[in-house]
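Take a look at the letters that make up each chain.
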Amino acid sequence: MNIGRFLAERTRLMRASEIRELLKWITENVISFGGGMPDPSSFPAKEIMEVTREILSTKADKALQYGTTNGVAELREELVRFMGKVGIKVEGPEDVLITVGSQEALDIIGRVFINPGDYIITESPTYLAALQAFRIYGPRIIGIPMDEEGMRVDVLEDTLRKLSNEGRVKFIYVIPTGQNPTGITMSMERRRALLDIASKYDVLIVEDDPYGYIYFGDGEPPSRLKAMDSEGRVIYLSTFSKIAAPGLRLGWVAASREVIRWFELAKQSIDLHTSTLNQYIAAELLRRGIIERNIPRIKEIYRTKRDLMLQALSQYMPEGVSWTKPSAGMFIWLTVPENIDTGEMLEIAIKKYGVAYVPGKSFYPNEEKRNNMRLNFTYPTPQEIFEGIRRLALAIRDYVQRPR
Ligand code: PMP
Ligand code: G9A
């Protein structure tokens, strides 16, 4: 039976995530710097067990029942408080929507805002699963280069100026803190400029913030864009995946009431609502301060692992290789000489040296660069970090010297 002739046009725009595909390749003997998985020791498993038992013995009638699409009220109220502590002021729980991870929010954003042919703007490189989600809706995606301060706002402004006669730019998608894949945190100056430019050219900003709460640099991270947004222009996404556990599949959106209403409509047809039981669990984790008490521990684990990877990179990498030094997030972005295609090199790395990474190409909206790779430092153990980087350096040398 040939299914191809039954498929909808839009399936042509559906592409597998390289991160998810890579997960299938990983065997016991391979050290993986691929998937962005948290360190399992950061999960508050015992607390989740206790909280779950209590919820099921006291409010199983609600926790196991269907719920409203926007989410459990207790959780949205807790989130208003939680975000308030980092300066994000929303009017109330009506401005919050609970999603199945922030990945669902990315898809909802595509559904609600993108017509085929619309322009959207992202950092370049950017989170590949965001590109994957948006692409289904047929936008023209313009990537703006980054430097160590984040998105180049001068290039952004030039781009918006040029596009202003051409068609509608719907939104600018940014991951300002501990960006995926580069680990870069956008400076305060750039954040202010980004808000000004978005206002001047009247475009929305989507601020994806999975990593802001576990910023492990010195002091506090620069202010959230949402905390500086006086116009209701910023749509803010975050998630429990990095501050509690990704298996809960819980994320949230904070935005103006009108945006939330549209998102709610989109979500109704996708899944009716997010798991009620998991929402009650998260509300209780927040209410009891479990998440906030766990955050310093997560920061410490990630800071230590980042330092180890940086140390291993300095020790083993050959000349001509450079990398970022993140203060947040889960990734180091490695740049190798331009004659190396990291996509092509992956096979040698996995099969001959037993080490995996995500090739950089898929993080670029136009896939224009081949000489980067993303390295996750949160999941592997300290020993694996050292051994994996040693192997990676060997794979790079081997690839460069291969007979052609
Ligand atoms: N956005 C970014 C920038 C991410 O790094 C991730 C997870 N790697 C997500 C969204 C999706 O996370 P989740 O669906 O688990 O909330
Ligand atoms: O497992 C996933 O797909 C989530 C991880 C995201 C990432 O590696 O950036």
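Keep in mind that this is a model prediction, so the values were computed, not measured.

Draft legend 1. How the structure looks around the domain arrangement of the protein chain. By domain assignment, the protein chain separates into domain 1 (3-44 + 293-401) and domain 2 (45-291). Taking only C-alpha atoms into account, the centre of domain 1 sits 24 Å from that of domain 2. Between domain 1 and domain 2, the residue contacts involve 39 residues of the former and 43 residues of the latter. A combined buried area of about 3,400 Å² lies between domain 1 and domain 2, and 62% of that area is made up of carbon and sulfur atoms. Summed over the shared surface of domain 1 and domain 2, the result is 0 salt bridges. Secondary structure elements with two or more residues in the side of domain 1 that touches domain 2: helix 1 (18-25), helix 11 (290-316) and strand 11 (331-335). When residues of the side of domain 1 that touches domain 2 are assigned to their parent elements, the largest contribution, 8 residues, is made by helix 11. When grouped by side-chain class, the residues that make up the side of domain 1 that touches domain 2 number 21 nonpolar, 9 polar and 9 charged.

Draft legend 2. View of the packing of helix 12 (residues 342-352) against helix 13 (residues 382-401). Packing of helix 12 against helix 13 brings their axes to within 9 Å, and their N-to-C directions diverge by 125 degrees. Judged by the angle between their axes, helix 12 and helix 13 are oblique. Crossing of helix 12 against helix 13: the hand is right-handed. Residues Glu344, Met345, Ile348, Ala349 and Lys352 of helix 12 form the contact with helix 13, whose own contacting residues are Leu392, Ala395, Ile396, Asp398 and Tyr399. Among the residues making up the contact of helix 12 with helix 13, the classes are represented as 7 nonpolar, no polar and 3 charged.

Draft legend 3. Seen up close, the sheet that holds strand 11. Taking strand neighbours across the sheet as the criterion, the 4 strands line up as 10-11-14-13 in an open arrangement whose pairing is antiparallel. Strands with a single pairing partner mark the edges of an open sheet, and in this sheet they are strand 10 (322-323) and strand 13 (358-359). Here 2 bridges tie strand 13 to strand 14 (residues 372-376), and the two strands are oriented antiparallel to one another. By the bridge assignment, Pro359 is partnered in strand 14 with Met373. Along the sheet, helix 11 makes contact with strand 10, strand 11 and strand 14, crossing strand 11 at roughly 20 degrees.

Rules and cut-offs
- Residues numbered from 1 in each chain as written.
- Chains lettered and ligands numbered in written order.
- Predicted model: local features only at pLDDT ≥ 70, side-chain atom pairs only at ≥ 80, totals over all residues.
- Heavy atoms only, no water.
- Domains from an automatic or database assignment.
- Contact = heavy atoms within 4.5 Å.
- Buried area = accessible area lost by both parts, 1.4 Å probe.
- Salt bridge = Lys/Arg side-chain N within 4 Å of Asp/Glu carboxyl O.
- Helix = DSSP H or I, 4+ residues; strand = E, 2+ residues; numbered from the N terminus.
- Nonpolar A, V, L, I, M, F, W, Y, C, P; charged D, E, K, R; others polar.
- Axes fitted to C-alpha atoms, helices over the stretch in contact; angles between N-to-C directions.
- Parallel < 35°, antiparallel > 145°, perpendicular 65-115°, else oblique.
- Left-handed = near helix turned anticlockwise from the far one by under 90°.
- Pairing = 2+ DSSP bridges.

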